[in-house]
Every structure is written in structure tokens, then in C-alpha cells.
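# A closer look at the structure
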Amino acid sequence: MGWRVRAIRGATTATENTIEAIREAVHELLDALETHNRLEMDEVVSVTFSVTRDLDAVFPAKIARERPNWQNVPLMDVQQMHVDGSLPQCIRLLVHFNTPDPIARIHHPYLRGAKHLRPDWVSAQEVRQKELIVNS
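Source: prediction; values computed, not measured.

### Some thoughts on helix H1 (residues 19-36)
Over its 18 residues, H1 runs 26 Å from end to end, which matches the ideal 26 Å to within 8%, given 1.5 Å per residue. For H1, every residue scored as buried is listed here: Ala-21, Ile-22, Ala-25, Val-26, Leu-29, Leu-30, Ala-32 and Leu-33. Within H1, the buried residues cover an arc of 155 degrees as seen down the axis, which keeps them to one side. Turned more than 90 degrees off the buried face of H1, the exposed positions are Glu-20, Glu-24 and Thr-35.

Below you can see the structure in the form of C-alpha cells.
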């Protein structure tokens, strides 16, 4: 089987609407993305960040471009559709990447207050991480 496009989702929350708080949250999210996935930056097709309407101090893509090897990745920021009662101060990402391994395990990082958005993925990934530690 040849190369194919896969996607990684993830989300986190910022503690407040400041450049520093958003920077901290984005770096933590991207650290988790890079640590738990075999992601070659030259194979990344694009990354879309979305933020809730209460976060407007800085673009997450601007922060991502501060990281090594992220300068040439096509990045886009959008505002998440507002739904009453939805999670505030939330930063989401969607990464599309090419891979020669279409069955590689993907870790979708959901951090901080965003853990409850996909509890099925969070709990499954926590079990896998514990298994890795035990088998190390």
C-alpha cells in the first residue's frame, strides 16, 4: 500500500486571554503532538487551529511558527463556531499529514479542560501509555 493522508485532532484550553497563556497552551499541545506521534514535519500537509471567540490575544499559528521545523508548515487560524455552553478558552487543532504507514497508531492530544471533549480517546491513550511504561 502506498502513501496516504491521515489526520490528528487535539485540543487544550488557555488559562486566560493573554499572549503568554495562549503561548503556554499551544506549546504544551504541540509538545504532546510531537512526543506521542511519529510525525515528520516535512510530511505535514497543513495544520488548522481553531479558537473560541474569547481568545483573541494572539494567533496560535504565530506561536507554532516559533518552533523548530514549523516555519514551512502551512498553518491557518479560524474562529470556532460559538455554541452556548461550549468549552471556553479552547484551542483546537487538526493536522493533516502524509504517511507511508497507514495503520500507524495516532495519539490525539486532549489536554487540560479539553480532556472531556473526547473522553473516549483520552482514556484509551492513557491506558496505552500505562502499558508502555509497564512493558519498558
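### Considerations on the environment of Arg-105
Mapped onto the elements of the fold, Arg-105 is located in the loop between strand E4 (90-99) and helix H3 (119-135). Looking at Arg-105, the relative accessible area reads 59%, which means it is exposed. Sequence separation between Arg-105 and Asn-37 is 68 residues; the distance between their C-alpha atoms is 7.8 Å.

### Points about the side chain of Asn-37
In this structure, Asn-37 sits in the loop between H1 and strand E2 (44-51). Of the polar contacts made by the side chain of Asn-37, one reaches the backbone oxygen of Leu-33; its length is 3.0 Å. There is a polar contact of 2.7 Å between the side chain of Asn-37 and the backbone nitrogen of His-107. Aside from chain neighbours lying at most four places away, what touches Asn-37 is Ile-8, Arg-105, Ile-106 and His-107.

### Some points on the pattern of salt bridges
Charged atoms that come close allow side chains of opposite charge to pair. Within the structure shown, the criterion is met by six salt bridges. The residue Glu-24 makes a salt bridge to Arg-112 at a minimum N-O spacing of 3.0 Å. Within this pair, whereas Glu-24 is found in helix H1, its partner Arg-112 is found in the loop between E4 and H3, the two being separated by 88 residues in sequence. The exposure class assigned to Arg-112 is partly exposed, which follows from its relative accessible area of 25%. Residue Arg-38 is joined to Asp-101 by a salt bridge in which the shortest nitrogen-to-oxygen separation is 3.2 Å. Taken together, the positions of Arg-38 in the loop between H1 and E2 and Asp-101 in the loop between E4 and H3 put the pair 63 residues apart, joining distant regions of the chain. Through salt bridges with shared partners, one network takes in Glu-24, Glu-28 and Arg-112.

Parameters and conventions
- Residues numbered from 1 in each chain as written.
- Predicted model: local features only at pLDDT ≥ 70, side-chain atom pairs only at ≥ 80, totals over all residues.
- Heavy atoms only, no water.
- Helix = DSSP H or I, 4+ residues; strand = E, 2+ residues; numbered from the N terminus.
- Expected span 1.5 Å × (residues − 1).
- Buried < 20%, exposed > 50% of the residue type's maximum accessible area, 1.4 Å probe, protein only.
- Arc of directions from axis to C-beta.
- Polar contact = N/O pair within 3.5 Å; in protein donor to acceptor, adjacent residues only side chain to side chain.
- Contact = heavy atoms within 4.5 Å.
- Salt bridge = Lys/Arg side-chain N within 4 Å of Asp/Glu carboxyl O.

Keep in mind that these numbers describe shape and distance, not what the molecule does.
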